[in-house]
Structures are given as C-alpha cells and as structure tokens.
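# Chain and residue survey
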Amino acid sequence: MMVLTHIAVGMALSLPVAAVAPEFATATAIGGAIGGAVPDVDLLVGDHRRTLHFPVLYWLPAIALTAVALVAIPIVVVAAVAVSAAAVHSVSDVLGAGEELRPWERTNTDAVYDHLRGQWLRARYVVRYDGAPEDFVLTVAFSTPVAVCFQGLPRWIAVSTVVVALPYTLARKRLADQFEKIL
Ligand SMILES: [Zn+2]
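These numbers were taken from a predicted model, which means no experiment stands behind them.

### Describing the layout of surface pockets
Estimates place the volume of the largest pocket at around 580 Å³. What lines the largest pocket is a set of 22 residues, among which Leu43, His48, Asp130, Tyr168 and Phe179 lie closest to the centre. Contributing elements (two or more residues each) for the lining of the largest pocket: α1 (3–12) and α7 (152–182). In terms of residues, the lining of the largest pocket owes the most to one element, α7, which gives three residues. A breakdown of the residues in the lining of the largest pocket according to their chemical character gives 13 nonpolar, two polar and seven charged. Looking at the second largest pocket, its volume works out to about 280 Å³. In this structure, the second largest pocket is lined by 14 residues; those nearest its centre are Val17, Val20, Ala69, Leu70 and Val77. Of all the secondary-structure elements, those providing two or more residues to the lining of the second largest pocket are α2 (15–20), α4 (59–71) and α5 (77–92). For the lining of the second largest pocket, the element with the most residues is α5, which contributes four residues. When its residues are assigned to classes, the lining of the second largest pocket shows 12 nonpolar, two polar and no charged.

About the thresholds
Residues numbered from 1 in each chain as written. Predicted model: local features only at pLDDT ≥ 70, side-chain atom pairs only at ≥ 80, totals over all residues. Heavy atoms only, no water. 1 Å grid on protein atoms, 1.4 Å probe; cavity = no way out; pocket = protein on both sides within 12 Å on 5 of 7 lines; lining within 4 Å. Points joined across faces, edges and corners; volume = space filled by probe spheres on them. Helix = DSSP H or I, 4+ residues; strand = E, 2+ residues; numbered from the N terminus. Nonpolar A, V, L, I, M, F, W, Y, C, P; charged D, E, K, R; others polar.

Below, the structure written as structure tokens:
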C-alpha cells in the first residue's frame, strides 16, 4: 500500500479521540499521520518492510501507551495513536504485495518481516500493488472522514494525501520504468 494510504489510516485512528477528547484531536491526528508514515522510512534507510516494520512488536508499546492514556495520563494518547498507526501500517502491509519494483508481476511474496517469528509474512494481494486503484479508494475512504471532522493542519494533510495519491495511482506502472533508469 502507498505511504499515503498509511497516513490516511493513521489519521483515522484519531477520530475516536476527537469524539471523546477534542482537546487532543489535532495532536493525535498529526501523531497518527507521522506514525502511519514512519515505517516506510526504511525504504530509504535499512531493509524496506523489515527495519522499521514490526507487525507484532509495535502492538506491545501501543497497548501499554493506550492503557496509560486511559487510566492515568491523557496526553499519552498522542503517543498511543502514533505507535498504533505504525502497528496498523506494519500489519496491513500483509494485505498488499511483496517487496519488488513491479509488484503486479508477483515474483516476490515477501510482504513484511515478522521479527518475533524471524520470518517474512506472505503477501495476500488484497490490494494488488501500491498505487493500485483499490489503494487509491482506501486513501479516499480514510482521508474523507478526517478531512470532514478536522480543521486546520489535519484537514490539509488528509486532503493532500488524496491530491498526491491520484497522480501516483495514474502513473504507477510507468513510474516503475523511470525508477529502473535511475537505479
Ligand atoms: Zn510499509
């Protein structure tokens, strides 16, 4: 899935917080966007879908932070949403394709690395490849409620994910050829 979809999903995690604790809404929405994006930084440094992707282990701090936020320190909800967004990102990469330049060719089914079991989780291809039409639909589906319910920066981030995702989706297959020339 596109990093833009992960950002939209991460921001959507802040919607329940906005409903019950509006004072933390903006901070959690931005935290969700950052947490949703961060795992894919390993596309630039380290091994993609391995170095910063933890489909199981992110849930431990995510659950601990949520508990702390609920029973003791409400502001911790910002960190709870950010880490949860990274956890959801890492797990949901299983629903996409394997790690390869042209994921629609399906030559590599390694979707995301499970550090706990020490093995790659197999791609399920529910979203056939990053930038597939169904990936764009997901970006719109998760960005829309965020754009409607929030104002200011979160709204603009949500709108921006769609604005950037559309040309990426339209050009995705041609971009693979361009990347190949650069690499
Ligand atoms: Zn990822």
